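# Structural overview
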Amino acid sequence: MRSAITAAAARATSIGSVAGSSRSRAAGSSCTGGRLSRAERPPPRPGRGGWMGAVTTRDSSVVIIGGGPGGYEAALVAAHLGARVTIVDRDGIGGAAVLTDCVPSKTLIATADYMSAFETAADLGVHLEDGEGDAVTDTVAALGEVNRRVLDLAAHQSSDISARLDEVGVRVVSGTGRLESPGVVVATTDEGDERLEADVVLVSTGATPRVLPTAQPDGERILTWQQIYGLTELPEHLVVVGSGVTGAELAQGFLGLGARVTLVSSRDLVLPGEDQDAAAVIEDVFRRRGMTVLNRSRMASAERRGDGVVVTLTDGREVEGSHVLIAVGAVPQTSGLGLEEAGVELSESGHVAVDRVSRTSVRGVYAAGDCTGVFALASVAAMQGRIAMSHALGDAVAPLRLGAVSANVFTDPEIATVGMTAAQAEASEEVEAVTMPLARNPRAKMLGISEGFVKMFSMRGAGTVLGGVVVAPRASELIFPLSLAVQNRLSVDQVAATFTVYPSLSGTLAEAARRLHPTEA
């Protein structure tokens, strides 16, 4: 019988299928070791230093529907490889990730982090005083100013990406795109329709917040996560429905800004998809900082009542608040694009079925990002887009490895993960695991960090690093060494033999690796 490590290591170290597991077509069936066969490559062309393996010619045309991370990163790769590239974009370059989701939410959360730093300062012996010498104990967030900065920053990031696209010659058409056929995209703009012929098409249209019929957003009191940046005043009492990543992040963000927050969670713990020890730390922090967490509770409806809102739970309880934020998932934006008419296979949820090099069921049509349902991360969308163009235009390419994806939850402290999960590690006798509390780290003591830990998983005997979890402030930065180890199949001894600065939080990573050194015992 295959050991549990076989399945676990498949996620962390091997190549397998990605999304659309119900489709009959085998994923990546024409890839040879992640690279195109010689027969599939276009003929070489002269280079500056003589003949070289060409990847494309200026005759190749690429049309991309959607200007989010999957779209604009694909455009940059395609332009670099010599193709003529057009992006058809409706919502603004950068997509939801830059304009209404990742960049705005993390900016708001970073602002809340500054406010919590004032609380930590007192523990370090630093006290604020006003001009009269009286202690200042409260900080106030002016949400109107905070949101103006959030939106300005997002707009500037979008502008920077647009400038880069312009530098490399990518044409951007403002409008909506749809497939007329596998090789033709029709762009509908204010001036009318434009037919764009393409050798390669990439669909990267993202996803949009899931809306429930019993909780219709109005943009004023009943809100999606894309609408909160229109608020000019801090909610007196924000009810957040949904304790996944988006719900947990924004619940703590608004709590940090000074709002009263109630989090409605259908599970035993918040963040049910994360490491359970990490989730327990976060929920404990939520409660200690004053958040009300309603576990094992489901929303039946949300409606306006007077100057506030009422969230009715399925057991009949009512939760009153000034505002409600609905964070119960997202749905792909794939309808009305002509995909099914062109033969592109969609899953039951409406996601585009793709293989590990982002191919759809139609030759020459690729897809990337949240519309594929592979992994709802901007970094994965960008990688899918890059892989798609490298594959389509004949460059060397390695299929997507989901087992090497690093992810982060931007709570305080943050939760960063890569590779094998704790549940997989616990299920296998062939995996060694170690957990190191951050409170013992000297740098953590200096910074006033009392919560958090580092987990590392390795193959028993061989010592290969299979994954890890970091719970700490700026865990999104600390996970990178572990990501390098998983991506490159390094051993714990290689990690342990690498110098770290003393004192530093990264020292705990090296210490965890030393404790996993394989022995005969």
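The numbering scheme is per chain: residues are counted from 1 as the chain's sequence reads. Reporting of local features is limited, given that this is a predicted model, to residues whose pLDDT is at least 70; pairs of side-chain atoms are given and counted only at 80 or more, and all residues count toward the totals for whole chains, interfaces and linings. Side-chain figures throughout are based on the complete set of non-hydrogen atoms in the structure, without hydrogens or water.

## Some details on the overall build of the protein
To keep things clear, this is the line we draw: A run of H or I in DSSP counts as a helix once it spans at least four residues, and a run of E counts as a strand once it spans at least two, with each numbered from the N terminus. The rule is simple: take the accessible area with a 1.4 Å probe, protein chains only, and divide by the maximum for that residue type; under 20% is buried, over 50% is exposed, in between is partly exposed. The contact rule is simple, with two residues in contact once any of their heavy atoms fall within 4.5 Å. Exposure was quantified through the Shrake-Rupley algorithm and a 1.4 Å probe, taking into account, for residues, occlusion by the shown protein chains and nothing else.
Within the protein, the regular secondary structure consists of 14 helices and 25 strands. Looking at the protein as a whole, 50% of its 521 residues qualify as buried. Residue pairs in contact within the protein that sit at least 24 positions apart in sequence constitute 65% of those at least 6 positions apart. When the accessible area of the protein is evaluated, it comes to approximately 24700 Å², of which 50% is carbon and sulfur surface.

## Observations concerning the side chain of Thr 312
In this structure, Thr 312 sits in strand β16 (residues 308–313). The class for Thr 312 is buried, based on a relative accessible area of 18%. Once residues lying within four places of it in the same chain are set aside, the contact partners of Thr 312 are Arg 298, Met 299, Ala 300, Ser 301, Arg 317 and Glu 318.

## Notes on the nonpolar core
How we decide: The nonpolar core is taken to be a set of buried Ala, Val, Leu, Ile, Met, Phe, Trp, Tyr and Cys residues, with the residues joined through side-chain atoms within 4.5 Å.
Counting 46 residues, the largest nonpolar core has Phe 254, Val 261, Leu 271, Phe 286, Met 291 and Ile 415 as its most contacted members. Setting aside residues up to four positions removed in sequence, Val 261 forms contacts with His 237, Leu 238, Val 240, Ala 251, Phe 254, Leu 255, Met 291 and Thr 292. In this structure, Leu 179, Val 203, Leu 337 and Ala 342 belong to the second largest nonpolar core, which totals 28 residues.

## Description of the packing of helix α2 (residues 69–80) against helix α8 (residues 378–392)
Rule in force here: For helices, the axis comes from a line fit to the C-alpha atoms of the stretch in contact; other axes are also lines fit to C-alpha atoms, and the angle between any two N-to-C directions lies between 0 and 180 degrees. Each crossing gets its handedness from the near helix: less than a right angle anticlockwise from the far helix is left-handed, clockwise is right-handed.
Where α2 meets α8, the axes come as close as 7 Å, and the angle between the chain directions of the two elements is 35°. By crossing handedness, the relation of α2 to α8 is classed as right-handed. Facing α2, whose interface residues are Pro 69, Gly 70, Glu 73, Ala 74, Val 77 and Ala 78, α8 presents Ala 378, Ala 381, Ala 382, Gly 385, Arg 386, Met 389 and Ser 390.

## Some points on the sheet that holds strand β4 (residues 84–89)
Sheet strands pair by backbone hydrogen bonding; their relative direction is either parallel or antiparallel. Going by this rule: One bridge is not enough; two strands pair if DSSP finds at least two bridges between them.
Taken in spatial order, the 5 strands of this open sheet run β5-β4-β3-β9-β20, and their pairing is parallel. Each of the sheet's edge strands pairs with one partner strand only, and the pair in question is β5 (171–174) and β20 (365–367). Within this sheet the neighbouring strands show an average axis-to-axis angle of 20°, counted without direction. Strand contacts of α2: β3 (61–65), β4 and β9 (200–203), with the helix running at about 165° to β4, the strand carrying the most contacts.

## Some thoughts on unusual backbone geometry
Backbone torsion omega between Asp 412 and Pro 413 reads 5°, so that peptide bond is classified as cis. Mapped onto the elements, Pro 413 comes out in the loop between β21 (406–409) and β22 (414–419). Following Tyr 502, the chain continues into Pro 503 via a peptide bond in cis, with omega recorded as -5°. Locating Pro 503 in the fold gives a position in the loop between α13 (492–496) and α14 (507–515).

## Re the sheet that holds strand β24 (residues 453–459)
Reading across from one edge, β21-β22-β25-β24-β23 is the order of the 5 strands in this open sheet, with antiparallel pairing throughout. Unpaired on one side and paired on the other, β21 and β23 (431–437) mark the two borders of the sheet. Ignoring strand direction, the axes of neighbouring strands in this sheet form an average angle of 10°. Judged from the 6 bridges that link them, β24 and strand β25 (residues 465–472) form a sheet pairing that is antiparallel. Bridge pairing in β25 places Phe 457 opposite Gly 467.

## Some thoughts on the pattern of salt bridges
For clarity, the cut-off: Salt bridges are defined by distance alone: a side-chain nitrogen of Lys or Arg within 4 Å of a carboxyl oxygen of Asp or Glu.
Enumeration over the complete set of coordinates arrives at 23 salt bridges. When the shortest N-O distance is used, the salt bridge between Asp 113 and Arg 474 registers 3.9 Å. Here the residue Asp 113 occupies a position in helix α4 (residues 102–123), and Arg 474 occupies one in the loop between β25 and α11 (475–478), the gap between them amounting to 361 residues. For Arg 474, a relative accessible area of 49% translates into the label partly exposed.

## Quick notes on the environment of Ala 497
Within the fold, Ala 497 resides in the loop between α13 and α14. Ala 497 gets classed as exposed once you look at its relative accessible area, which sits at 62%. Placed 17 residues apart in sequence, Ala 497 and Arg 514 show a C-alpha to C-alpha distance of 8.5 Å.

## Here we look at α4
Heads up, the condition is: Expected span, for any helix, means 1.5 Å times one less than how many residues it has.
The end-to-end C-alpha distance of α4, which contains 22 residues, comes to 31 Å, matching closely the 32 Å that a straight helix rising 1.5 Å per residue would cover. Within the sequence span of α4, burial applies to Pro 104, Ser 105, Thr 107, Leu 108, Ile 109, Thr 111, Ala 112, Asp 113, Met 115, Ser 116 and Ala 121. Looking at the buried side of α4, the elements it contacts are α3 (95–99), α5 (143–167) and α6 (245–257). Backbone geometry just downstream of α4 places Gly 125 in the positive-phi region, at approximately 90°.

## Things to note about the packing of α2 against α5
Rule in force here: Just so you know how the angles are binned, under 35 degrees is roughly parallel, over 145 roughly antiparallel, 65 to 115 roughly perpendicular, and the rest oblique. Under the scheme applied, nonpolar residues are Ala, Val, Leu, Ile, Met, Phe, Trp, Tyr, Cys and Pro; charged residues are Asp, Glu, Lys and Arg; polar residues are all the others, including Gly.
Relative to each other, α2 and α5 sit at 25°, their axes nearing to 10 Å. If you check the angle between α2 and α5, you find them roughly parallel. Where α2 crosses over α5, the two elements pack in a sense that is left-handed. Residues Tyr 72, Ala 75 and Leu 76 of α2 touch α5, and the partners they reach there are Ile 161, Arg 164 and Leu 165. The residue inventory of the contact of α2 with α5, partitioned by class, reads 5 nonpolar, no polar and 1 charged.

## Points about the environment of Ala 259
Position of Ala 259 relative to the elements: it lies in the loop between α6 and β13 (260–264). Judged by its relative accessible area of 5%, Ala 259 is buried. In this structure, the C-alpha to C-alpha distance between Ala 259 and His 237, residues 22 residues apart in sequence, is 6.1 Å. Here Ala 259 is in contact with Leu 234, Pro 235 and Phe 254, once residues within four sequence places are set aside.

## Describing a negative patch on the surface
Heads up, the condition is: Here a patch means residues that are over 30% exposed by relative accessible area and free of salt bridges, tied together within 9 Å if like-charged and within 5 Å if nonpolar (Val, Leu, Ile, Met, Phe, Trp, Tyr). Under this rule, positive means Lys or Arg and negative means Asp or Glu; His and the chain ends count for nothing. Throughout, a charge is located at the NZ atom of Lys, the CZ atom of Arg, the CG atom of Asp or the CD atom of Glu.
The grouping of Glu 129, Asp 130, Glu 132 and Asp 134 at the surface amounts to a negative patch. You can call Glu 129 exposed: its relative accessible area is 56%.

## Observations regarding helix α12 (residues 480–487)
Which entries qualify depends on this criterion: Picture the helix axis, draw a direction to every C-beta atom, and the arc is the one those directions span.
What α12 keeps buried is the set Leu 482, Ser 483, Ala 485 and Val 486. For α12, the angular spread of buried residues about the axis comes to 160°, placing them on one side.

## Notes on the pairing of β3
With 5 of 5 residues buried, β3 lies mostly within the body of the structure. Residues Ser 61, Val 63 and Ile 65 point to one face of β3 and Val 62 and Ile 64 to the other, with burial holding for every one of them. Sheet topology places β3 next to β4; 5 bridges connect them, and they run parallel. Residue pairing for β4: Ser 61 is matched across the bridge by Arg 84.

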